[in-house]
Every structure is written in structure tokens, then in C-alpha cells.
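Residue strings, one per chain:
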Amino acid sequence: MNHIVPNDATLTIRPIGQTFGAEVAGMPIHGDVSPELLVQFVAALHRYRVLVVPRADVGPADLVAFSRRFGPLEIHSRFESTLPDHREVFCVGNVGSASFSRGVEQWHADSSYRPVPSDASLFYGEIVPPEGGDTLFADSTAAYRSLDAAMKQRIDGLVAVHSLESLRQWGLRHNPDRKQAIDSQTDSFPPVRQPLVRQHPVTGARSLFVCPAVISHIEGLPIDEGAALIDSLLAHITQPRTVYAHRWNQGDLVMWDNRAVLHTASLFDHTRYQRLMYRTTIAGHAPGLSE
Ligand code: OGA
Ligand code: MN
């Protein structure tokens, strides 16, 4: 009844990366959204895998309400970094009790350590540094497509074990400050088996589900052979042609399909600048492999 946008409205979509990514205009993030626009938005997410809504300018309540339109939301396992009034919002950055890493991050898809990983995430720039702190995306769908037939045959059907314990150990080596935070979670999330090549339940497209810091090993392969395979796949996925770096403006909203892309943070000068990002995470609904 009180739809702000008439039913015949359409989104304006402008591709941004070479193989993926699009900027979207005309999507109301506040208040009611017509079902037609939502359908267009979801179709664009499936087609482009990463959607940028420049200067969306939303508060946490609207961000949660908008995110819920895509499905039930996860509450992040690092509870202390969620907003007290909106537990669905996970805070990332160097402000307050936000989750912050002084060191490097690694390519990943969100919640790969859960038995059913997240479908999609929304990320909002509440406070952004004037330089650095870009979020990098890699098109693991286009990357899979461009593998040669022999490599596809070698990896189709392989299973990787994802574990928070591996992430903790990776963190100890790279970011000693994070020890405490991950320690407290490892018990609630035992290792899970995930396909190395995942198939998107809607588009049917295959992509490389490669989260190097989280994967302890590939089943059936010696540890070093599995690690070498992961390294070579990651090098392939992160070639410039399949990477898009999002340079944040305050108020930007970016949504990505965890089932089709990887992402990672990049460094910024945390001694000079503040960064505070709000993340909501759409829970997965397609079960992974059985244990
Ligand atoms: C995340 C994440 C990247 C960034 O919060 O899931 O990967 O740029 N963040 O902070
Ligand atoms: Mn992430």
C-alpha cells in the first residue's frame, strides 16, 4: 500500500568488474520494497555475484530489515562484536568491540566453517578510512569456468575439510592478537566437509570454494599436495581479471553471493584512521555434504 516505488519501476544496473560485479541504482533500502524490485535485485545478484549500492545511507535497523528480505540471518559466533540492539549486525573494524585484525586476512567465503555456510552477506560502510581498507572480491565462478578440462576433472568431487581450528592456527601465525577471539568459538564448530567445487543452487554454475586459512586438508590427498593444489587454485582465482576491489565511501552497501565469489579485507593505517563496517549474513539453506 505504501510502496514508495511504483510497481513498474526498474533497477539501473551498471557492470563494474571484468567478469562480475555491478552497481545498482533505484533500489530503496529503507522502508517497503516492491516484490518486483526485489526479484530484479535477486536476479542481479545471481547474475553479477557482487552488487554495490553506492551511498545507501542506512541505519542498523533498516539494514537488518532489508537483509531479512533475502532470508533468515545468522547471528555471528563472535557475539561480543555484534550490536547489542541488533544482534544480526556483526561489526568489523577498529572501533569499540568490533572484530579487528591488525594483520593480513585471507580469501574466504563467509561461514564456511558452518555445516551449512552462508548464502550471502551484506556489508555497510559506517565509518570508512580515507585510504586503504578496500574489500577485495574474487570471481571464483569465472575462475572455475576458465580452468582447463584436466584440472576440472582432477578437482570435481574433491572434498575440503574446513575448520575453525585451522583458522585459529593461521591466525596465530599471522595475527597473534586474534588468538583469544577464535579460541572461544572452536568448540562449538567442529570441522565440516565442503565440496572444493560447489554448484550454485539457483544458477547451477560451479565455483571454487577455496578458503586457504580455514581448510585443514583435502580428503584423500597428502597434506602438502592438498596445500599446493589450494595455492595454485588461489593464484588462478585472484588474477587481476577476476578481482574487483571495492573502494569504500561512507554509506556504501555491498552485497555478495558467498556461493559464487570469495572476498577478503585489505590493510589500512589503523593508527591514523577509524573503520567501522556492519555485516549482516544470510543463513544458508542448501545443506553441504554429509559428515
Ligand atoms: C567480513 C569480511 C572484509 C573487510 O566481514 O566478512 O570479510 O573488508 N570483511 O573488512
Ligand atoms: Mn568475510
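Structure first, text after, so check above.
In what follows, the accompanying structure is described. (Residues numbered from 1 in each chain as written. Chains lettered and ligands numbered in written order. Predicted model: local features only at pLDDT ≥ 70, side-chain atom pairs only at ≥ 80, totals over all residues. Heavy atoms only, no water.)

### As for the nonpolar core
Okay, so step 1: In this structure, M27, F41 and L253 are the most contacted members of the largest nonpolar core, which totals 34 residues.
Okay, so step 2: Sorting the residues of this core by element identifies strand 2 (22-25), helix 1 (35-48), strand 3 (50-53), helix 2 (60-68), strand 5 (86-93), strand 6 (120-127), strand 14 (253-257) and strand 16 (276-282) as the ones contributing at least two each.
Okay, so step 3: Counting residues per element, this core draws most heavily on helix 1, at 6 residues.
Okay, so step 4: Residues A143, A160, F209 and V214 belong to the second largest nonpolar core, which totals 28 residues. (Core = buried A, V, L, I, M, F, W, Y, C linked by side-chain atoms within 4.5 Å. Buried < 20%, exposed > 50% of the residue type's maximum accessible area, 1.4 Å probe, protein only. Helix = DSSP H or I, 4+ residues; strand = E, 2+ residues; numbered from the N terminus.)

### Some details on the pattern of salt bridges
Okay, so step 1: Summed over all chains, the structure comprises 11 salt bridges.
Okay, so step 2: Across the pair R114 and E74 runs a salt bridge whose closest N-O atoms are separated by 3.4 Å. Of this pair, R114 sits in the loop between strand 5 and strand 6 while E74 sits in the loop between helix 2 and strand 4 (82-83), and the two are 40 residues apart along the sequence.
Okay, so step 3: Using a relative accessible area of 16% as the deciding quantity, one classes R114 as buried.
Okay, so step 4: The salt bridge involving R259 is made with D257; its shortest N-O contact spans 3.2 Å. Of the two residues, R259 and D257, neither departs from the other in class, the shared state being buried. (Salt bridge = Lys/Arg side-chain N within 4 Å of Asp/Glu carboxyl O.)

### A look at helix 2
Okay, so step 1: When we look at burial in helix 2, the residues that qualify are L63, V64, F66 and S67. Looking straight down helix 2, one finds that the buried residues subtend no more than 165° of arc, so they occupy a single side. (Arc of directions from axis to C-beta.)

### With respect to unusual backbone geometry
Okay, so step 1: In this model, R49 sits at a positive phi of 75°, which is unusual for a non-glycine residue.
Okay, so step 2: Phi angles above zero are rare outside glycine, and D57 is one such case at about 50°.

### Overview of the pairing of strand 2
Okay, so step 1: Going residue by residue along strand 2, you find A22 and V24 tucked away on one face and E23 and A25 left uncovered on the opposite face.
Okay, so step 2: Where strand 1 (residues 12-15) folds back on strand 2, the antiparallel hairpin that results is connected by 6 residues, among which G21 adopts a positive phi of roughly 90°.
Okay, so step 3: Sheet topology note: the strand 2/strand 3 ladder contains 2 bridges and is parallel. Directly across from E23, in strand 3, lies its bridge partner V52.
Okay, so step 4: Taking the sense of rotation as the criterion, the β-α-β connection linking strand 2, helix 1 and strand 3 turns out right-handed. (Pairing = 2+ DSSP bridges. Right-handed = clockwise from strand over helix to strand, strands pointing away.)

### Notes on the packing of aromatic side chains
The relative placement of two aromatic rings is captured by the distance of their centres and the angle of their planes.
Okay, so step 1: Counting across every chain of the model gives 10 aromatic pairs.
Okay, so step 2: Here the aromatic rings of Y113 and F189 are separated by 5.1 Å at their centres, their planes lie at 80°, and the arrangement is edge-to-face. Note that Y113 is positioned in the loop between strand 5 and strand 6 and F189 in the loop between helix 6 (179-183) and strand 9 (192-195), a separation of 76 residues in sequence.
Okay, so step 3: Of the residues examined, Y113 reaches a relative accessible area of 9% and is grouped as buried.
Okay, so step 4: You can call F189 buried: its relative accessible area is 15%.
Okay, so step 5: The ring centre of F209 lies 3.6 Å from the NZ or CZ of R198, which sits over that ring. (Phe/Tyr/Trp six-rings, centres within 6.5 Å; stacked < 30°, edge-to-face > 60°. Lys NZ or Arg CZ within 6 Å of the ring centre and 35° of its normal.)

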